[in-house]
Every structure is written in C-alpha cells, then in structure tokens.
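Architecture at a glance
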Amino acid sequence: MTITSDITLDASRFIQENITEDTKKTNSIIETVSSKGPRWHEVGAAKYRAMRETGETPLPVPVYLPGAKDATVPSRDPGRIIPVRVYTPDNGLPSKGIFLHIHGGGFVLSTHQHQDGTLQRYANTCQLTAISIGYRLAPEDPWPAAVHDCFDVAEHLVDNGQSAFGASLLLVSGESAGACLSVLTAFHLLRVRPDHRLAGVIFPFGQFDLTLNLPKVSSFERALVINRMALQRFSDAYTPDMSIEERRNHLVSPLYDDIERLSSVQGSLPPALFLCGTEDPLLDDTILMSTKWMMTGSEAIVKIYPGVPHAFTTFPGFKPGQEAIAIALQFAKEKLEALSANQPTK
C-alpha cells in the first residue's frame, strides 16, 4: 500500500509560475506607492492619522457612508467609554445577528470609522448589524489597551446585544492586526462566556505571532505594503520594551495559546475562514494558526492567493481581493444558516 501524508495542501497555490500578470502589475504599483512618504514613524502616529484624512499619505482617503452611525459601549475603566461604528441593513428588515469587526493598522493606524464599506457589505449581504470597535491605538496606548477594549465590547454584546442593538453577537472578524485581536476576542469569549456560541470567525491576512520570528516574516524585505521592518516598528510601538519571550504571551500572540484546551469548551472552536496571499510576510501566521485550528478537529477553511500581497482586499478592482471578499460573505451566510438550523426549536 502506498504511503500517504496525513497533511495535504494544494501546492499550486504557492508556485511562482501561477502568479498572474495582473497580480505582478498590481504588486509593482504597490511597491512604487509604498516607497513614497510620509511614514508614520517619521512624522508621528497622531499626525499621520490626521494626514490620512486629508489625502496626504499613500493610503486612500477614508470614505464615510451616511448609513453608518457612531455609538458607544461601556469600558471596564470608570468614566471611560469605547466608541463603535454601527451599520444596520439598508432594507430596514430585522437583523439576523451582530457582525463584530476589528480593524487592522498595525495596532497604530486606522480607526473604526474607516470601515464603513466593510460594515455595509456584511449588513446588506448577510442581513446583519455590523459593528466596528474604536479600540485604543499605540503608541499612545500600548498593549493591553486594545485587547481590553475588544474584550469589553465583545462581552457587552454577548450580555446586552439584544437590548442595545437588537441582535446577538454571531460573527467576529478582523484583518491583519485586527485578526490578532479577533482571535484573542474569540478565545476570550470561550473562557468567560462559554455558553455563547459564535457562528464563525473570519481572518484575512492575520498576524498571530508578534515575535516576528517565523521564517516568512523574518526574511521578507520587499516593500510590498508591509515588510519585516514595518512590522517591527508596529510591534515596538504596541509592545514597547517587550522581549521575544514576553511577546509569546498568549494574550499578545494567540498562536501560543492552548488551542486544544480552548476547543474542549464547546467541543470545537468556531468555524474559521483564513485568507492570505503568498507575497505577504504574514503567510506563515495563517498557515500555522489554521493548521493548529484544524488539529483540534475544528473547521478551518484556508484560501491562498498566489503572489498576492498584504491587505489585498482593500485594492479597488483587484480580482483576488474581490474573490476573497465574495468568499468571506458566502462563508458568513453559510455559517449563519448552519447555526440557525442547529438552534433548538421553541
């Protein structure tokens, strides 16, 4: 009998020859744009954020949609509230649940108010109340401020989602650094709200190990959205003066959590979707976290895009990004239907 491997993957997704000409062209454009200033670590994070609002950075000017509304959620800290951005379905029909979004930006940049397009997509395609968290940013507020804010909002939505927003928390998602915070939040809910079951979690191009010691990131120098040096600056701002060993703390880098034990809380982890390109320094993060997810017997769907860079779902008209967005929305709808079908009848 021929010996077969217990672990398989589609190697064609990683082969250089399968990178399309459109992707190569897009990468060339991104490298040119990425090489131009200003840079946040040179002008200061606060000034850079303000400059983005007026189109003075390589990043696109944020688009604010009239359907998005600002709200607040209580914080664990006395006298402080956490801002959130809320988008409800444009058709006015009842929401099927809450989609909680945690934005990326290296724990330093972006804001919950820049996520209107994402919130609108999930609200209208999946009939959800879509909410993005305005967590505190580094370097002004380093770890664990962002983690605490995400935990506080998630707990509030589990406990008060129906009364405050007319729906229950069912999906959690975040890109890049936001994926890190999203995994941490999903794991936190398993610990503190073990009876609350999520329909699914979605992690586009996530960062799950802040040590930056995985092979891909440690050798990635190409100026393609982010590289090792860019990630090092973000990590140093978010976890200042932390050693590599300290960054292995499971509340900093969820890759090091006891995922097997967490999966036993509900019999499995929530169904997960991982999306990443092969020209992303965080590729190993996705491969390792998704594999550990599956090793617990939990569902993890992994979609890999040949030659595609970090943050590829944000590039207008980029085919792999459009495909990934469509897959994420389909995943959300399928998992909502599956959860609904398994709910006990009254």
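Note that this is a predicted model, so its numbers are computed, not measured.

Calculation rules
- Residues numbered from 1 in each chain as written.
- Predicted model: local features only at pLDDT ≥ 70, side-chain atom pairs only at ≥ 80, totals over all residues.
- Heavy atoms only, no water.
- Pairing = 2+ DSSP bridges.
- Helix = DSSP H or I, 4+ residues; strand = E, 2+ residues; numbered from the N terminus.
- Axes fitted to C-alpha atoms, helices over the stretch in contact; angles between N-to-C directions.
- Parallel < 35°, antiparallel > 145°, perpendicular 65-115°, else oblique.
- Left-handed = near helix turned anticlockwise from the far one by under 90°.
- Contact = heavy atoms within 4.5 Å.
- Nonpolar A, V, L, I, M, F, W, Y, C, P; charged D, E, K, R; others polar.
- Core = buried A, V, L, I, M, F, W, Y, C linked by side-chain atoms within 4.5 Å.
- Buried < 20%, exposed > 50% of the residue type's maximum accessible area, 1.4 Å probe, protein only.

One open sheet holds the eight strands; their spatial order is β1-β2-β4-β3-β5-β6-β7-β8, and the pairing between them is mixed. In this open sheet, the two strands that pair with only one neighbour each are β1 (69-74) and β8 (300-309). Between one strand axis and the next, the sheet turns by 25° as a mean value, whatever way the strands run. For β1 and strand β2 (residues 81-87), the ladder comprises six bridges, and the chain directions are antiparallel. Residue pairing across strands places Ala71 opposite Val84, the latter belonging to β2.

Going from Ala138 to Pro139, the amide bond is cis rather than trans, its omega being 0°. By the element assignment, Pro139 lies in the loop between β4 (129-133) and α5 (145-165). The omega angle of the peptide bond from Trp143 to Pro144 is 10°, so this bond is cis rather than trans. Its location among the elements puts Pro144 in the loop between β4 and α5. If you check the backbone angles, Ser176 has positive phi at about 60° while not being a glycine. By secondary structure assignment, the location of Ser176 is in the loop between β5 (169-174) and α6 (177-192). Even without being glycine, Ala311 reaches a positive phi, approximately 65°. If you trace the backbone, Ala311 turns up in the loop between β8 and α12 (319-342).

Their axes nearest at 9 Å, the elements α5 and α6 cross at an angle of 50°. Judged by the angle between their axes, α5 and α6 are oblique. In this structure, α5 meets α6 at a crossing whose hand is right-handed. In this structure, α5 uses Ala146, Val147, Cys150, Phe151, Ala154, Glu155 and Val158 to contact α6, whose residues at the interface are Leu181, Leu184, Thr185, His188, Leu189 and Val192. In the contact of α5 with α6, the residues fall into ten nonpolar, two polar and one charged.

Here we come to the nonpolar core. Core analysis: the largest hydrophobic core is formed by 66 residues, its most contacted members being Leu100, Leu169, Leu181, Phe203 and Trp293. No other element matches α6, which puts ten residues into this core. With 37 residues, the next largest nonpolar core counts Phe99, Leu171, Ile304 and Ala311 among its residues.

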